[in-house]
Amino acid sequence: MSQERPTLKNPIKIGPIIGIVFIIFIANGCYSSHRERQKETKYIPVLKAMMEDNTVAVAKVDPVYKEVSIKVMGVPMKHYEVTYTYKVNGQGPYNGERTLSAPPTSAEMPLYYAKSDPSYSSFEPQEDIKRITEKASSNSNLYWSIGWWVIAFLATFGYLSEAWNYLKAKKAIRDAENAAYHKATNY
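These figures come from a predicted structure and were not determined experimentally.

This part takes up helix α2 (residues 44-53). Those residues of α2 not exposed but buried are Ile44, Leu47 and Met50. Buried residues of α2 fall within an arc of 120 degrees about the axis and therefore sit on the same side. Pointing more than 90 degrees away from the buried face of α2 are the exposed residues Pro45 and Glu52. Lining the buried residues of α2 we find β5 (108-113), β6 (121-122) and α3 (125-137). One or two residues past the end of α2 sits Asn54, with phi positive at roughly 55 degrees.

Now the structure itself:
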């Protein structure tokens, strides 16, 4: 009478590890996006100071700009990405890229800049304040990050417990074989 050994499937494979690393990468990306949104709030006082001080320069806008259309809940939204250069009190030239809500109307446009840091500028400081405030008040990326971290933790726990059970079963089979061998060789 032969005793049939249970077959074990080795769970230690590279696929689940790659999946876990990918999930961690997504979680980190969501968290980084959340941190960037929070860091942007430091520019709100600078933008308000631009408007109060009325520090305006003339920006030379590149005539070639990019029109971007997206649909938000079925409603098409357009914005325009422009590049520009400007000088402040003979210093510069400073370069910048901005997203505008309307296409540039001319090759030269008024541009607000910060007295404390002339390289920081805005065509629409009020719109920038509104955009930054809205994005900073949303914690959706933080919640997504937490969710992805929980999934990564559960996947890692599942993978490690499966590997641990496999190694325990393999050791039990090896111990049973050794016990049978010692029993057979000891008279």
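Now that the structure has been shown, the text picks up again.
This next bit is on the layout of surface pockets. The calculated volume of the largest pocket comes to roughly 710 Å³. Where the lining of the largest pocket is concerned, the elements lending two or more residues are β2 (66-72), β3 (75-88), β4 (91-100) and α3. Considered class by class, the residues forming the lining of the largest pocket number nine nonpolar, four polar and twelve charged.

An α-helical turn contains 3.6 residues, so a residue and the one three or four places further along point in the same direction. Taking 1.5 Å per residue, 13 residues should reach 18 Å; α3 reaches 18 Å between its end C-alpha atoms and fits that length. Taken together, the buried positions of α3 are occupied by Pro125, Asp128, Ile129, Ile132 and Ala136. All buried residues of α3 fall inside an arc of 100 degrees around its axis, so they share one side. Contacts made by the buried residues of α3 are with α1 (14-39), α2, β4, β5 and β6.

Scoring rules and cut-offs
- Along every chain, residues carry numbers that run from 1 in the direction the sequence is written.
- The predicted nature of this model means local features are confined to residues of pLDDT at least 70 and side-chain atom pairs, given and counted, to a pLDDT of 80 or more, with totals for whole chains, interfaces and linings taken over all residues.
- No hydrogens and no water enter the side-chain calculation; it runs on all heavy atoms of the structure.
- We call a residue buried when its accessible area falls under 20% of the maximum for its residue type, exposed when it is over 50%, and partly exposed in between, using a 1.4 Å probe and counting protein chains only.
- Secondary structure elements are defined from DSSP: runs of H or I of at least 4 residues count as helices, runs of E of at least 2 residues count as strands, and each element is numbered from the N terminus.
- The directions considered for the arc are those from the helix axis to the C-beta atoms.
- In what follows, a contact means two residues having at least one pair of non-hydrogen atoms within 4.5 Å.
- Here a cavity is any set of points on a 1 Å grid over the protein atoms alone where a 1.4 Å probe fits but cannot get out, and a pocket is any open set with protein on both sides within 12 Å along at least 5 of 7 lines; a residue lines the site when it has an atom within 4 Å of a point.
- Grid points are joined across faces, edges and corners, and a volume is the space filled by probe spheres set on the points.
- Polar here means any residue outside two lists: the nonpolar Ala, Val, Leu, Ile, Met, Phe, Trp, Tyr, Cys and Pro, and the charged Asp, Glu, Lys and Arg; Gly therefore counts as polar.
- Multiplying 1.5 Å by the helix residue count minus one yields the expected span of that helix.

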